[in-house]
Structure formats: structure tokens, C-alpha cells
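Single-letter residue listing:
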Amino acid sequence: MTLKEKVTARLIKHGNNPIEVEKMVDKHFEYAAATYGTVRTIAECISTIY
């Protein structure tokens, strides 16, 4: 499982709409992954800035 898939799964697991998760991950994943190092912090960053 890739890092992007893990982040997507975590965001969906924590109650986000799967359609919106795809949009937010597509838009912000590169920045969040470059800035943060764990699945949890990447997911938090993406959900916060979306």
C-alpha cells in the first residue's frame, strides 16, 4: 500500500466523504507529504487546509 493510499484510507476512516477525500488528496498530497513524515500528520494537514 502506498503512502497516498494510506492517507486516503485514514481520511475516509475518520469520517470524511470518499469523493471529497479524493479531491483533497489530489490537491494537497504533494505539499503535505513533502512537509510531514507520518500518515497521521499528512492526513491532518490535508484535512485542515482543504
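Please refer to the structure higher up on the page.
Quick caveat: nothing in here was measured; it's all calculated off a predicted structure.

1. Some details on helix α3 (residues 39-49)
At step 1: By the burial criterion, the buried members of α3 are T41, I42, A43, C45 and I46.
At step 2: For α3, the secondary structure elements touched by its buried residues are α1 (3-13) and α2 (18-35).

2. A look at the pattern of salt bridges
At step 1: Here the structure, examined in full by the defined rule, presents 3 salt bridges.
At step 2: A salt bridge links E20 to K23, with the nearest nitrogen and oxygen atoms 3.4 Å apart. One end of the pair is E20 and the other is K23, both in helix α2 and 3 residues apart, which spans about a single turn.
At step 3: Look at E20 and you get partly exposed, because its relative accessible area is 28%.
At step 4: Close ionic contact of R40 with E44 constitutes a salt bridge, the shortest N to O distance being 3.0 Å. Taken together, the positions of R40 and E44, both in helix α3 and 4 residues apart, correspond to about one turn of that helix.
At step 5: Owing to a relative accessible area of 40%, E44 belongs among the partly exposed residues under this scheme.

3. Things to note about the environment of E22
At step 1: Counting through the fold element by element, E22 comes out in helix α2.
At step 2: Since its relative accessible area comes to 42%, E22 is described here as partly exposed.
At step 3: For the pair E22 and L11, spaced 11 residues apart in sequence, the C-alpha to C-alpha distance is 9.7 Å.

Criteria and thresholds
Residues numbered from 1 in each chain as written. Predicted model: local features only at pLDDT ≥ 70, side-chain atom pairs only at ≥ 80, totals over all residues. Heavy atoms only, no water. Buried < 20%, exposed > 50% of the residue type's maximum accessible area, 1.4 Å probe, protein only. Helix = DSSP H or I, 4+ residues; strand = E, 2+ residues; numbered from the N terminus. Contact = heavy atoms within 4.5 Å. Salt bridge = Lys/Arg side-chain N within 4 Å of Asp/Glu carboxyl O.

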